Amino acid sequence: MLALDRIIDAARAAPRAIVLPEGADPRIAAAARRAVREGIARPILLGPAAEVVAALGGDARGIAVEDPATSPRLQAYAEALHLLRHDKGMDLAAAHRRMREPLAFAAMMVRQGDADGTVGGAVATTAETVRAAIQIIGLAPEAKLVSSFFLMLLCEDHHVQKGAYVFADCGLVIDPDAAELADIARASAASFTAMTGERPKVAMLSFSTAGSARHARVDKVVEAVRIARAASPDLIIEGELQFDAAFVAAVGAAKAPGSAIRGDANVFVFPNLDAANIGYKIAQRIGGARAIGPVLQGLAKPANDLSRGCSEEDAFHMIALTCAQASARLAAGAAGEIRAAALPGAAGSAWSAAPAGLPPRAPLADPEARQPPA
Ligand SMILES: CC(C)(COP(=O)(O)OP(=O)(O)OC[C@H]1O[C@@H](n2cnc3c(N)ncnc32)[C@H](O)[C@@H]1OP(=O)(O)O)[C@@H](O)C(=O)NCCC(=O)NCCS
Ligand SMILES: CC(=O)OP(=O)(O)O
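Below, the structure is looked at part by part. Given the structure is predicted, the values throughout are model-derived calculations rather than measurements.

## Topic: the overall build of the protein chain
Okay, so step 1: Helix and strand counts for the protein chain stand at 13 helices and 11 strands.
Okay, so step 2: Contacts in the protein chain between residues far apart in sequence, at least 24 positions, make up 72% of those at least 6 positions apart.
Okay, so step 3: Here the protein chain displays about 14,900 Å² of accessible surface, and carbon together with sulfur accounts for 56% of that area.

In structure tokens:
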């Protein structure tokens, strides 16, 4: 799991303040304790103090606990939110009510620089978690769309092809049009490079490979490839491809002989959220892949989601990844300067920033590198 080790090392090199709005959830509390023990983050747990401390088993060493409802920041945060949203019809009383909600309070902590990133979604739905991030943290400069991906790690003995992969968008954009799909592809490619240091090879997935079926849904994927190539001419991106043609060299050679992807794609972009969300859960729950996400891309500052089915370990890994994102972002400079240095022309996003927070990795020395089927 070298990609994961790399992320944890980057987090440990500069532990960041990560606010966890679901502080009374036992998985989140345990992950926060582990983050302190392993020196990867400075967690801030939100919630009523008695509940959070109970979830921590009485041991809050190294962890800040804050209750939005009684926080001395509440008034200032409500005023900041009112300023941000009054043109959308929000009055000060409504802003005050909203700031008492831990997800919104956490997003405001990140916006105001009182925390470096946030991780929610172990209890709240993705829609609730993402809405708070989009409305309060906002989009990165030049980003038009917030989307998400899962880092999928295949490292069990039964995985014939081991390595780190990106699946997108498994969490957020429900029915992307061709332009949105192209945006998701470019952002996901940049995110892959930021996490692994490797060159992305993007497969745009479909039920058709290279014209084997005719349908408007296939046309959408082909159009997305055209748009992405026009915006990022150096990006290796192919489609439409079925998953087997993108993942298995022999099938790729048979179905798409002219493709630059020969069963060695590392970024898989699904045509819609139905396919993506179902696909990642099957890979995780039947296939034994480790799935870290949904990681959000396109935000001005790091905010990430979890599945409500997450484990303590999933939450710990997401805290580490969020720290690494924060370091990469801070190393890249002010939000206005964030660019995908590793991938010229890629969509700007907090996580598509130059991977400065992560140490370089030599792909050939990586035992996790994709291996051909035996
Ligand atoms: C994320 C999600 C909630 C946004 O839905 P929505 O109905 O557009 O939400 P809202 O209308 O409340 O929009 C909230 C704000 O975010 C903006 N927005 C919504 N989606 C956006 C996106 N992908 N990128 C950028 N901005 C977005 C809206 O313009 C709106 O801005 P405003 O409040 O400043 O006007 C929706 O896409 C969703 O539910 N996705 C699926 C989540 C899910 O269930 N996933 C499965 C499990 S992981
Ligand atoms: C990502 C995801 O599917 O989230 P949840 O399981 O919470 O719906």
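## With respect to the packing of helix α2 (residues 26–37) against helix α13 (residues 312–331)
Okay, so step 1: Here α2 crosses α13 at 50 degrees, and the two axes come no closer than 8 Å. Between α2 and α13, the angle is such that the two are oblique. In terms of crossing hand, the pair formed by α2 and α13 is right-handed. Along the contact surface, α2 presents Arg27, Ile28, Ala30, Ala31, Ala32, Arg34 and Ala35, while α13 presents Glu312, Glu313, Ala315, Phe316 and Ile319.
Okay, so step 2: Taken together, the residues of the contact of α2 with α13 break down into 8 nonpolar, no polar and 4 charged.

## Focus: the sheet that holds strand β7 (residues 201–205)
Okay, so step 1: Strand order in the open sheet formed by 6 strands is β8-β7-β9-β6-β5-β10, and the pairing between neighbours is mixed. The open sheet has two edge strands with one neighbour each: β8 (236–241) and β10 (290–297). Across the sheet, the axes of successive neighbouring strands diverge by a mean angle of 20 degrees, strand direction being ignored.
Okay, so step 2: Of the pairings in the sheet, the one linking strand β6 (residues 163–168) to strand β9 (residues 267–269) comprises 3 bridges and is parallel in character. Bridging from a neighbouring strand, valine 166 pairs with valine 267 of β9.
Okay, so step 3: Most of the contacts of helix α9 (residues 216–231) go to β8, to which it runs at about 170 degrees, and overall it touches β7 and β8.

## Comments concerning the sheet that holds strand β1 (residues 16–20)
Okay, so step 1: Spatial strand order, β3-β2-β1-β4-β11: 5 strands in an open sheet with parallel pairing. Only two strands of the sheet have a single partner each, and these edge strands are β3 (64–66) and β11 (303–304).
Okay, so step 2: Across 3 bridges, the pairing between strand β2 (residues 41–46) and β3 is parallel. Pairing of isoleucine 44 across the sheet is with alanine 64, part of β3.
Okay, so step 3: Against the sheet, helix α6 (residues 102–111) contacts β1, β2, β3 and β4 (117–119), and its axis sits at roughly 145 degrees relative to β2.
Okay, so step 4: Sheet contacts for α13: β1, β2, β4 and β11; angle to β1, the most-contacted strand, approximately 130 degrees.

## A closer look at the pattern of salt bridges
Side-chain pairing between opposite charges can occur once the charged atoms of the two side chains come close.
Okay, so step 1: Inspection of the entire model under this criterion finds 18 salt bridges.
Okay, so step 2: Across the pair arginine 34 and glutamate 313 runs a salt bridge whose closest N-O atoms are separated by 3.8 Å. Note that arginine 34 is positioned in helix α2 and glutamate 313 in helix α13, a separation of 279 residues in sequence.
Okay, so step 3: A residue is classified by how much of its surface remains accessible, and arginine 34, at 17% relative accessible area, is buried.
Okay, so step 4: Among the ionic pairs, glutamate 313 bridges to arginine 290, the shortest N-O distance being 2.9 Å. On the criterion of sequence distance, the pair formed by glutamate 313 in helix α13 and arginine 290 in strand β10 is long-range, its members being 23 residues apart.
Okay, so step 5: Where salt bridges share partners, they join Asp9, Arg12, Arg34, Glu38, Arg290, Glu313 and Asp314 into one cluster.

## Concerning α13
Given 3.6 residues per helical turn, the α-helix brings residues three or four places apart onto the same face.
Okay, so step 1: For α13, which comprises 20 residues, the first-to-last C-alpha distance of 29 Å matches the rise-based estimate of 28 Å (1.5 Å per residue) to within 8%.
Okay, so step 2: Most of α13 is tucked away: 16 of the 20 residues are buried.

## Some remarks on the site of ligand 2
Okay, so step 1: Residues in close proximity to ligand 2 include Thr126, Phe150, Asn277, Tyr280, Lys281, Pro294, Ser307 and Arg308, which together make up its full environment.
Okay, so step 2: For ligand 2, an oxygen atom lies 2.8 Å from a polar atom in the side chain of lysine 281.
Okay, so step 3: The contact in question runs from an oxygen atom of ligand 2 to an N or O atom on the side chain of arginine 308, over 2.7 Å.
Okay, so step 4: Summarising the interface, the protein chains cover 87% of the accessible area of ligand 2, which totals 260 Å² for the free molecule.
Okay, so step 5: A per-element tally of the shell around ligand 2 places helix α12 (residues 273–285) first, with 3 residues.
Okay, so step 6: A class-by-class count of the residues in the shell around ligand 2 yields 3 nonpolar, 3 polar and 2 charged.

What counts, and where the lines are drawn
Residue positions are counted from 1 within each chain, in the order its sequence is given. Throughout, the order in which chains and ligands are written sets their labels, letters from A for the former and numbers from 1 for the latter. Residue-level local features of this predicted model are given only where pLDDT is at least 70; pairs of side-chain atoms are given and counted only at 80 or more, and the full residue set underlies all totals for whole chains, interfaces and linings. By convention in this description, side-chain values take in all heavy atoms of the structure and omit both hydrogens and water. Numbering of helices and strands runs from the N terminus, with a helix taken as a DSSP run of H or I at least four residues long and a strand as a DSSP run of E at least two residues long. Between two residues, a contact is recorded if the distance between any of their heavy atoms is within 4.5 Å. Only the protein chains shown count as cover for residues, and all accessible areas are computed by the Shrake-Rupley method using a 1.4 Å probe. Only the stretch in contact is used when fitting a helix axis, every axis being a line fitted to C-alpha atoms; angles between N-to-C directions are given from 0 to 180 degrees. Note on angle classes: values under 35 degrees are labelled roughly parallel, values over 145 roughly antiparallel, values of 65 to 115 roughly perpendicular, and the remainder oblique. Crossings are assigned a handedness: left-handed for a near helix turned anticlockwise from the far helix by less than a right angle, right-handed for a clockwise turn. We call Asp, Glu, Lys and Arg charged. Ala, Val, Leu, Ile, Met, Phe, Trp, Tyr, Cys and Pro are nonpolar, and the rest, Gly among them, are polar. Pairing between strands requires that DSSP locate at least two bridges from one strand to the other. What counts as a salt bridge is simple: a side-chain nitrogen of Lys or Arg found within 4 Å of a carboxyl oxygen of Asp or Glu. Accessibility here uses a 1.4 Å probe with only protein chains present; expressed as a share of the type maximum, an area under 20% marks a residue as buried, one over 50% as exposed, and anything in between as partly exposed. The span one expects for a helix is its residue count, reduced by one, times 1.5 Å. Only heavy atoms are used to decide nearness, and a residue is near a molecule or strand if one of them lies within 4 Å of it. Polar contacts, as used here, are pairs of N or O atoms within 3.5 Å; protein pairs need one atom able to donate a hydrogen and one able to accept it. Residues neighboring in sequence count only if both atoms are side-chain atoms.

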